[in-house]
Amino acid sequence: QEQLVESGGGLVEAGDSLRLSCAASGPSFSIWAMGWFRQLPGKEREFVATIAWGHGSTAYADFVEGRFSISRDEAKRAVYLQMNSLKPEDTAVYYCASAPRNFGLGLRESYDHWGQGTQVTVSS
């Protein structure tokens, strides 16, 4: 069964960095882009970043403000999120997801496979 598995979350202090990883395993499924979303306590899951699998173009949510960087390794079927200058308000469960086509990549509904999530906690 195809699945996405995240890793790299943890507890850090404000200003620190973390690198999240996500790898696809199991039978190959169609990937046009992979993205990261996050869910803050009591909030809806929100878009963080996305990267096109083929040409590597990226897009970010406004709140990223240049602090995060998404990258991918096609050979490993993996996507990464480098997060720098973390703030307490970045505390959330972070999810990776894959989208089968180039449509609405800032929307949860455009992604058809999801990981189980990894907790990121930033203390002040």
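Refer to the structure printed above.
Now for a quick tour of the structure. (Residues numbered from 1 in each chain as written. Predicted model: local features only at pLDDT ≥ 70, side-chain atom pairs only at ≥ 80, totals over all residues. Heavy atoms only, no water.)

**Quick look at the overall build of the chain**
Then, in step 1: Scanning the chain from terminus to terminus reveals 0 helices and 11 strands.
Then, in step 2: Listed by position from the N terminus, the elements making up the chain come as β-β-β-β-β-β-β-β-β-β-β.
Then, in step 3: Relative to the compact-globule value of 14 Å for 124 residues, the chain shows a C-alpha radius of gyration of 13 Å, a close match.
Then, in step 4: Taken along its principal axes, the extent of the C-alpha atoms in the chain is 40 × 25 × 25 Å.
Then, in step 5: Residue burial in the chain is summarised as follows: out of 124 residues, 44% are buried.
Then, in step 6: The long-range fraction of contacts in the chain, counting pairs at least 24 apart against all pairs at least 6 apart in sequence, stands at 56%. (Helix = DSSP H or I, 4+ residues; strand = E, 2+ residues; numbered from the N terminus. Rg over C-alpha atoms; globule rule 2.2 N^0.38 Å. Buried < 20%, exposed > 50% of the residue type's maximum accessible area, 1.4 Å probe, protein only. Contact = heavy atoms within 4.5 Å.)

**Quick word on the environment of S69**
Then, in step 1: Turning to its location among the elements, S69 is positioned in strand β7 (residues 68-73).
Then, in step 2: Exposure remark for S69: the relative accessible area of 38% places this residue in the partly exposed category.
Then, in step 3: Along the backbone, S69 and G42 are 27 residues apart, and their C-alpha atoms lie at a distance of 26 Å.
Then, in step 4: Those residues in contact with S69, other than ones at most four positions away along the chain, are Y60, Y80, L81 and Q82.

**Some words on the state of the cysteines**
Then, in step 1: Taken as a whole and assessed by the stated rule, the structure comprises 1 disulfide.
Then, in step 2: Each disulfide pairs two cysteine sulfurs, and for C22 the partner residue is C96, the sulfurs being separated by 1.9 Å. Between C22 and C96, the S-S torsion sits near 45 degrees, and that sign places the bridge as right-handed. In this pair, C22 is assigned in strand β3 (residues 18-25) and C96 in strand β9 (residues 92-99), connecting sequence segments 74 residues apart. Assigned by exposure class, C22 and C96 land together as buried. (Disulfide = S-S within 2.5 Å.)

**Some words on the pairing of strand β1 (residues 3-7)**
Then, in step 1: By the alternation rule, side chains of β1 split into L4 and E6, which are all buried, and Q3, V5 and S7, of which none is buried.
Then, in step 2: Inspection of the sheet shows β1 paired to β3 by 5 bridges, in the antiparallel sense. Across the sheet, residue V5 finds its bridge partner in β3, namely A23. (Pairing = 2+ DSSP bridges.)

**What to know about the sheet that holds β7**
The strands that make up a sheet are held in pairs by hydrogen bonds between backbone atoms, and each pair lies either parallel or antiparallel.
Then, in step 1: The 4 strands lie next to each other as β1-β3-β8-β7, forming an open sheet whose pairing is antiparallel. Across the chains shown, the open sheet's two edge strands, defined by having one partner strand only, are β1 and β7. Put simply, the sheet's adjacent strands are angled 15 degrees from each other on average, direction ignored. (Axes fitted to C-alpha atoms, helices over the stretch in contact; angles between N-to-C directions.)

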